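A closer look at the structure
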Amino acid sequence: MKHSLFSLVFLLGSLFLCDAKYQIRVERGKLIKHAPQKYGLRRFDRFIGAQHQHVADFRDYGYFGNITLGTPKESTNDQTFLVVLDTGSSNLWVPDNSCGANDANSACKHKNKYIMSDSSSYEKDGRPFSISYGTGSASGYFGKDTLCFSDTTLCIKSQVFGQANSIAPFFANQEIDGILGLGFTDLAVNKAPPPFVNAVDQGLVDEPIFTVYLEHHGRDRAPSGGYFTYGGEDPDHCGEIITWIPLTKAAYWQFNMQGIGIENSNEHTNGWEVISDTGTSFIGGPGSVIQAIAKKYGASYDEFNDSYIVPCSKAKNLPALKLKINDMELQIDPINLIAHSDATECDLTLFDMYGGGFGPSWILGDPFIRQFCNIHDIKNKRIGLAHSKQPEDVTF
């Protein structure tokens, strides 16, 4: 079965986290290729001021949404791009039409590409950009144009974005065209204002808040797999806020975690800087702690795929993972700690990080966000947690 699988990496943290990586596996033939109409948002008109964009769930390994760039000229179409909506970075970039023009094997070969001459609202910037992630890099130059979040009315004029004329080979087989960062300006290359920060500054949202709700769909891929809500909370999919966590640094969505364990959250109590990150599929932490937790779960290490494996038949009986954050013990249920790499072997959604002492020590990726809606408060530099209301018909 493993021979039919390929590595798909969604760690999208910036330079400080570049040594952290996680290879995750999905069946390539079942992924949806560039079908923006399948990811359209059902607008929630009863929420005044809150714009809901829904994202596709690729078997709990990645969550993608659509954007458009530019204003079509007569006889041209919308320029739509499938992107990772990434709270672990702060820049927006998509492949430029020049990417791979002289290279038949370019990673841009099968991507949607931005054509500036097709947009009547394009503005030249010209500054070079280069950005590195845990899984690859992109470089080119900056431009400005109108950015719209698909199937919402949220459009941001003169948004600075990267026109990538070179992207790493890693991106060649990934479904995404580019990345839209939702971190703070201090994390952005060349301090280019991130899209949501720009929306707040332009007065386009009622509140300086966006909420992320991600669903669990197990072995299934779901065209509707979660919602990003811009300008407010999401009471349809999230419960009451149980805690507001002050950020320790407003670059990533970074805060302090006091402890972690299985029996209780005091098993490992070093106290670490952590980030919440929609662009990372799993939970990453210091190798010694992750290995100890994986051992307690009875997971075996798969060296070939660089992953911790548990039999799917035993997954639902695993204990919850307990975290201590903001003096509150929280837990991630086993249904959110497991991803189905195939019918019999499941990935325990943990990975070792070796950051050399720089930057945050933990990344709380999608399993954390499936358990708890994350409410991102730009103005007050804090992040709220609320229990997510998962679909009732989804099981292991």
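Structure shown above.
Residues numbered from 1 in each chain as written. Predicted model: local features only at pLDDT ≥ 70, side-chain atom pairs only at ≥ 80, totals over all residues. Heavy atoms only, no water.

**Some thoughts on the pairing of strand 17 (residues 253-261)**
- Strand 17 sits mainly inside the fold: 7 of its 9 residues count as buried.
- The hairpin formed by strand 16 (residues 249-250) and strand 17 contains 2 residues between the paired strands.
- Pairing geometry for strand 17 and strand 18 (residues 272-276), over 4 bridges, is antiparallel. Bridging across to strand 18, glutamine 254 finds its partner in isoleucine 275.
- As paired strands, strand 17 and strand 22 (residues 321-325) are joined by 4 bridges and run antiparallel to one another. For methionine 257, the partnering residue across the bridge sits in strand 22 and is isoleucine 325. (Buried < 20%, exposed > 50% of the residue type's maximum accessible area, 1.4 Å probe, protein only. Helix = DSSP H or I, 4+ residues; strand = E, 2+ residues; numbered from the N terminus. Pairing = 2+ DSSP bridges.)

**Concerning the sheet that holds strand 29 (residues 382-388)**
- The sheet built from 6 strands is open, its strands ordered 3-14-12-28-29-15 with antiparallel pairing. Edge positions in the sheet fall to strand 3 (51-54) and strand 15 (238-246), since each has one partner strand and no second. Direction aside, neighbouring strands of the sheet carry axes that sit 20° apart on average.
- By the bridge criterion, 5 bridges tie strand 12 (residues 209-214) to strand 14 (residues 226-230) in an arrangement that is antiparallel. What sits directly across from valine 212, in strand 14, is phenylalanine 228. (Axes fitted to C-alpha atoms, helices over the stretch in contact; angles between N-to-C directions.)

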